[in-house]
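# Residue-level structure breakdown
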Amino acid sequence: KAGVTQTPRYLIKTRGQQVTLSCSPISGHRSVSWYQQTPGQGLQFLFEYFSETQRNKGNFPGRFSGRQFSNSRSEMNVSTLELGDSALYLCASSLVPGNDYGYTFGSGTRLTVV
Amino acid sequence: GEDVEQSLFLSVREGDSSVINCTYTDSSSTYLYWYKQEPGAGLQLLTYIFSNMDMKQDQRLTVLLNKKDKHLSLRIADTQTGDSAIYFCAENSSASKIIFGSGTRLSIRP
C-alpha cells in the first residue's frame, strides 16, 4: 500500500510570503502529525490532527496552522515566512492518535526561505 | 519535563557492533522507539519496545531498556555501510505526542 505522501518535496519562498504543505496519510490512517526538523532544534512537534480536529499543538507561533479534511489528508500553512522557518517539514500518520506502535513518516517537504 | 538525550556522533568499523544510547525523562512513557533517517529521506521506524520489557531482539537489532535509569540503547550487530544514517530515540510522552532525541549520526569506517 502507498506510504505517506508529502507534496511538494522542495519549495523556495521569499520572506513575508505564505506557504501551504500537503500530506496524504496511509490509507486507513486517521491521525496526522506534523514535525519541523532543523539542524539546530532537531525534530519539533507542530500539531496533530484526528477526525478533522486538532488534538495537540506544539510550541509554535500562530503563523503555523493546519487542518485536516474528511479524507484524512492534512495541510499545514505558514504565513509571513521568516528565514528561520527554513526546515524539513515531516508529516507522520498513524491509525489513531498516540498510536503506540509508532508513526509512519513521509519523506518531507524541504522549505527554504530566502 | 519532556526530554530525550543522545550523543551526536558514533563511528564504528564495518563488521563491528554499534551501540547507540539514549536517556529519556518521562517515566510514564509506555513505548520507546528507534527511528532511522537516511540522507534526504523521512524517518523510518526501526523498532519499538514496550516499557515493561527489558529487551527486544529483531534480527541484527537489539534494544535494551533500563526503566529505573530511563536508559534505552540500540545495538546493531555486524554493522554494514548501509547502516550509515541518523538514529533517533523517541518516547510517546504522557502528552500523547512522540518526543524525539536530537539524533545520533552513525558513520562506518572500512
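In this report, we go over the structure that sits alongside the text. (Residues numbered from 1 in each chain as written. Chains lettered and ligands numbered in written order. Predicted model: local features only at pLDDT ≥ 70, side-chain atom pairs only at ≥ 80, totals over all residues. Heavy atoms only, no water.)

## Considering the interface of chain B and chain A
Facing 18 residues of chain B, the contacting portion of chain A comprises 18 residues. Both faces considered, chain B and chain A share a buried interface measuring about 1,500 Å² in area, 53% of it formed by carbon and sulfur atoms. Area buried by chain B at its contact with chain A is led by B:L43, B:K97 and B:F100, which between them contribute 28% of it. Where chain B meets chain A, there are 0 salt bridges. Here chain B and chain A share 4 residue pairs in polar contact (both at pLDDT 80 or more) between them. Secondary structure elements with two or more residues in the side of chain B that touches chain A: β4 (31-37), β5 (43-50), β9 (85-92) and β10 (98-100) of chain B. Examining the composition of the side of chain B that touches chain A, we find that 4 residues originate from one element, β4(B), more than from any other. (Contact = heavy atoms within 4.5 Å. Buried area = accessible area lost by both parts, 1.4 Å probe. Salt bridge = Lys/Arg side-chain N within 4 Å of Asp/Glu carboxyl O. Polar contact = N/O pair within 3.5 Å; in protein donor to acceptor, adjacent residues only side chain to side chain. Helix = DSSP H or I, 4+ residues; strand = E, 2+ residues; numbered from the N terminus.)

## Quick look at unusual backbone geometry
Residues apart from glycine generally show negative phi values, whereas peptide bonds are mostly found in trans. In this chain, A:T7 is followed by A:P8 through a cis amide linkage whose omega measures -10°. With respect to the helices and strands, the residue A:P8 is situated in the loop between β1 (5-7) and β2 (10-13). You will see that B:Q59, though not glycine, has its phi angle at about 55°, which is positive. Within the secondary structure, B:Q59 sits in the loop between β6 (55-58) and β7 (61-66).

## Some points on the pairing of strand β3 (residues 18-24) of chain B
Residue and element names in this part refer to chain B. Alternating residues of β3 divide into S18, I20, C22 and Y24, all buried, and V19, N21 and T23, none buried. Relative to β3, strand β1 (residues 4-6) runs antiparallel, the two sharing 3 bridges. Looking at the pairing, V4 lines up with Y24 of β3. As paired strands, β3 and strand β8 (residues 71-76) are joined by 6 bridges and run antiparallel to one another. Its bridge partner lying in β8, T23 is registered against H71. (Buried < 20%, exposed > 50% of the residue type's maximum accessible area, 1.4 Å probe, protein only. Pairing = 2+ DSSP bridges.)

## A closer look at the state of the cysteines
Residues and elements named next belong to chain A. Under the defined criterion, the tally for this structure stands at 2 disulfides over all chains. Across the disulfide from C23 sits C91; the S-S distance is 1.7 Å. Linking C23 and C91, the disulfide has an S-S dihedral of approximately -50° and is accordingly described as left-handed. Linking C23 in strand β3 (residues 19-24) with C91 in strand β9 (residues 87-94), this pair joins segments that are 68 residues apart in sequence. Look at C23 and you get buried, because its relative accessible area is 0%. (Disulfide = S-S within 2.5 Å.)

## A look at the pattern of salt bridges
All names here are of chain A. For the structure shown, the criterion picks out 7 salt bridges over all chains. Of the charged contacts in the structure, one is a salt bridge between R63 and D85, with a shortest N-O distance of 2.8 Å. Here the residue R63 occupies a position in the loop between β6 (53-57) and β7 (64-68), and D85 occupies one in the loop between β8 (74-78) and β9, the gap between them amounting to 22 residues. Just as R63 is buried, D85 falls in that class too. Measuring nitrogen to oxygen at the nearest pair gives 3.3 Å for the salt bridge that ties E75 to R73. Given the relative accessible area of 16%, E75 is considered buried. Residues participating in the shared-partner salt-bridge network are R63, E82 and D85.

## Here's the deal with the pairing of β7(B)
All names here are of chain B. Direction of pairing for β6 relative to β7: antiparallel, over a ladder of 4 bridges. Across the sheet, the residue bridging to D58 is L61, located in β7. Connecting β6 to the antiparallel partner β7 that follows it, the hairpin turn spans 2 residues, and Q59 within it adopts a positive phi of roughly 55°. Sheet topology places β7 next to β8; 6 bridges connect them, and they run antiparallel. Considered in β8, the bridge of V63 is made with L74. Counting the residues that bridge the hairpin from β7 to β8 gives 4 residues, and of these K70 lies at a positive phi of roughly 55°.

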